[in-house]
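These are the residues of each chain, in order.
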Amino acid sequence: MSKAVILDCDPGHDDAIAIMLALASDSLDVRLITVSAGNSSIEKTTLNAMKVVSFLGKEVEVAAGAIKPLRREVQPDIETHGESGLDGPELPAPSFLLSSRTALEAQAAVLRESEEKVTIIPTGPLTNVALLLSAHPELTDKIERIVLMGGACFGGNWLPDAEFNIMIDPEAADIVFRSGVPITMCGLDVTLKAQIFPDEFEIFRKMTNKTGPLVAELLDFFHKSTTPPFMAEEGHEEGAHMHDICAVAWAIAPELFVTKNLNVQIETEGRLTLGCTVVDYNNVFGLSPNADVCFDIDRKGFLQLLIDNISTLL
Ligand code: BDR
Ligand code: CA
């Protein structure tokens, strides 16, 4: 039986591939895609999500979410994802209309109407999920689990100790991590290990469908924009980091991951550490665990999962 899921994303190159994996997989039943502002403005991330779904020839409702984080401004990551939020390959205009419902309305309706519990997979800032949990506490027990890309036990990528998705809307992340809903956190500890290397891009480029070559082009851009030039100069081999794809992959095949059940709190005030996911690895605070934090991945198995699924698409 497939798992009912809602994707909440901000495409973004890795979000785009995460959408592809989710829509390809027989194990997932994607009921709705909602969009957050994050890598780019809500207008751009929404357009990008619709373009990806249209390209795949799939029919899924796409609903736009909040125009900005709960208490802060949008900070588009142009360096990583370009002006459009999905620079690189040219995608045709969407072939369907944006939902007339807001992300909040659509998420609440999907949860309310679902007979089984629904897994939410956020791969952008957690604004939409926090709004849902705040506006509809009565629906919390309809959520099976929140499997998110965000945070890190060790380190950061936007600040020394903060990851982009959490740092952009720390107040939203705080609401999510305090919600009591089971959480799987695919943070930088695992996503930096989930790399795909340039010679492996060719597997996708050579696929005979049209989606495989698109994945290769997205990886080309994302790899260039996220690999500092000094690495190449020093001969350091670094692949494309498959951040958001990890969250979808966990929902399909959790056995590929190594996790530890830990307590995670969000820093919402730190002068230097805003958006830090404080993962209490040694249980210093003595608080109950609230998240399964991913630390490792079977990289080859992950790559094979992606290959098998992308090759089934148009
Ligand atoms: C996260 O930030 C964005 O650039 C990616 O889409 C991913 O969700 C990684 O920190
Ligand atoms: Ca993302």
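Notes on the structure in this doc start here.

Calculation criteria
- For every chain, the first residue of the written sequence is number 1, and numbering continues from 1 onward in sequence order.
- Chains carry letters and ligands carry numbers; both start at the beginning, A for chains and 1 for ligands, and go up in the order they are written.
- Per-residue local features are limited, in this predicted model, to residues with pLDDT of at least 70; the limit for side-chain atom pairs, both in listing and counting, is 80 or more; totals at the level of whole chains, interfaces and linings are taken over all residues.
- Derived side-chain values reflect all non-hydrogen atoms in the structure, with water molecules and hydrogen atoms excluded from consideration.
- A helix here means a DSSP run of H or I that spans at least four residues, while a strand means a run of E at least two residues long, and both kinds are numbered starting from the N terminus.
- Atoms counted for the radius of gyration: C-alpha only. Globule rule: 2.2 Å times residue count to the power 0.38.
- A contact between two residues is defined here by any heavy atoms of the two lying within 4.5 Å.
- Each accessible area value is a Shrake-Rupley result obtained with a 1.4 Å probe; residue values ignore everything except the protein chains displayed when judging cover.
- Charged-residue counts in this description rest on Lys and Arg as positive and Asp and Glu as negative, His and the chain ends being excluded.
- Charged groups are reduced to one reference atom each: NZ for lysine, CZ for arginine, CG for aspartic acid, CD for glutamic acid.
- Nearness is defined per residue: one heavy atom within 4 Å of the molecule or strand is enough.
- Whenever two N or O atoms come within 3.5 Å, that pair is a polar contact, provided that in protein one can donate a hydrogen and the other can accept it, and provided that, for residues adjacent in sequence, both atoms are side-chain atoms.
- Residue type decides the class: Asp, Glu, Lys and Arg count as charged, Ala, Val, Leu, Ile, Met, Phe, Trp, Tyr, Cys and Pro as nonpolar, and the leftover types, Gly among them, as polar.
- Any carboxyl oxygen of Asp or Glu that lies within 4 Å of a side-chain nitrogen of Lys or Arg is treated as forming a salt bridge with it.
- Atoms of type N, O and S within 2.8 Å of a metal are treated as its donors, and for Na, K and Ca the window is 3.2 Å; water is not considered, so some sites may appear to be missing partners.
- A 1.4 Å probe rolled over the protein chains alone gives each residue an accessible area, and that area as a share of the maximum for its type sets the label: buried under 20%, exposed over 50%, partly exposed in between.
- At least two DSSP bridges between two strands are required for those strands to pair.
- Under this scheme, a helix contributes an axis fitted over its contacting stretch, all axes are lines through C-alpha atoms, and angles between N-to-C directions fall in the 0 to 180 degree range.
- When the sulfur atoms of two cysteines come within 2.5 Å, that pair is taken as a disulfide.
- Angles are sorted into four bins: roughly parallel if under 35 degrees, roughly antiparallel if over 145, roughly perpendicular if 65 to 115, and oblique for all others.
- Rotating anticlockwise by less than a right angle from the far helix to the near helix defines a left-handed crossing, while the corresponding clockwise rotation defines a right-handed one.

Below, the discussion takes up the overall build of the protein. Secondary structure assignment for the protein yields 13 helices and 12 strands. Taking 20 Å as the expected radius of gyration for a compact globule of 314 residues, we find that the protein reaches 18 Å, a close match to that expectation. The principal-axis extents of the C-alpha atoms in the protein amount to approximately 50 × 50 × 40 Å. Counted over contacts in the protein with a minimum sequence separation of 6, partners at least 24 positions apart contribute 82%. Per element, the accessible surface of the protein, about 13000 Å² overall, is 53% carbon and sulfur. Charged side chains of the protein number 23 positive and 46 negative; the gap between the two group centres comes to 3 Å.

Right, let's talk about the site of ligand 1 for a bit. In the vicinity of ligand 1, the contacting residues are D14, D15, N39, H81, T123, M149, N157, E163, F164, N165, H243 and D244. Within the contact set of ligand 1, an oxygen atom lies 3.1 Å away from a side-chain nitrogen or oxygen of N39. In this structure, H81 approaches ligand 1 through a side-chain N or O atom, which is 2.8 Å from an oxygen atom. Within the complex, 97% of the 280 Å² of free accessible area of ligand 1 lies under protein. Elements supplying a minimum of two residues to the shell around ligand 1: α1 (13-24), α6 (164-168) and α12 (243-252). Taken together, the residues of the shell around ligand 1 sort by class into 2 nonpolar, 6 polar and 4 charged.

What follows is about the pattern of salt bridges. Per the counting criterion, the structure on display carries 11 salt bridges. We note a salt bridge from D220 to R205, for which the minimum N-O separation is 2.8 Å. Placement of D220 in helix α10 (residues 211-226) and of R205 in helix α9 (residues 198-205) is noted, with a sequence separation of 15 residues between them. Taken together, the shared-partner salt bridges in this structure form one network comprising D29, R31 and E116.

Our next topic: the coordination of the calcium ion (ligand 2). Donor atoms from the polypeptide that bind the calcium ion (ligand 2) are D10 (OD), D15 (OD), D15 (OD), T123 (O) and D244 (OD), placed at 2.2 to 2.6 Å. In terms of primary sequence, the donors binding the calcium ion (ligand 2) are separated according to D-x4-D-x107-T-x120-D. Note that T123 is positioned in the loop between β4 (118-122) and α5 (127-135) and D244 in helix α12, a separation of 121 residues in sequence. Each member of the pair, T123 together with D244, is buried.

Taken in spatial order, the 8 strands line up as β3-β2-β1-β4-β5-β6-β12-β9 in an open sheet, and their pairing is mixed. Either end of the sheet is taken by a strand with one partner, and the two such strands are β3 (62-64) and β9 (257-262). Adjacent strand axes in the sheet meet at a mean angle of 25° when their direction is disregarded. Helix α4 (residues 103-113) rests against β1 (3-9), β2 (28-35), β3, β4 and β5 (143-149) of the sheet, and its axis sits at about 155° to β2. Seen against the sheet, α5 touches β1, β2, β4 and β5 and runs at an angle of roughly 155° to β5.

Our focus in this paragraph is the environment of L23. Within the fold, L23 resides in helix α1. Counting along the chain gives 290 residues from L23 to L313, while the straight-line C-alpha distance between them is 8.6 Å.

Turning to unusual backbone geometry, a few remarks are in order. Residue G12 is reached from P11 by a cis peptide bond, and omega for that bond is -10°. Structurally, the position occupied by G12 is in the loop between β1 and α1. The backbone phi angle of N283 is positive, close to 50°, even though this residue is not glycine. For N283, a relative accessible area of 42% gives the class partly exposed.

According to the stated counting rule, one finds 0 disulfides in the structure shown. Looking at the unpaired C186, the closest cysteine sulfur is the one in C294, lying at 3.9 Å. Overall, C186 belongs to the buried group, its relative accessible area being 0%. In this structure C246 is not part of a disulfide, and its nearest cysteine sulfur, from C186, lies 5.8 Å away.

Okay, the packing of α1 against helix α2 (residues 42-56) next. Taken N-terminus to C-terminus, the directions of α1 and α2 make an angle of 40°; their axes are 10 Å apart at the nearest point. Compared by their axis directions, α1 and α2 come out oblique. Remark: the crossing between α1 and α2 carries right-handed chirality. When α1 is examined against α2, the residues A16, I19, M20 and L23 are found in contact with a partner set consisting of A49, V52, V53 and L56.

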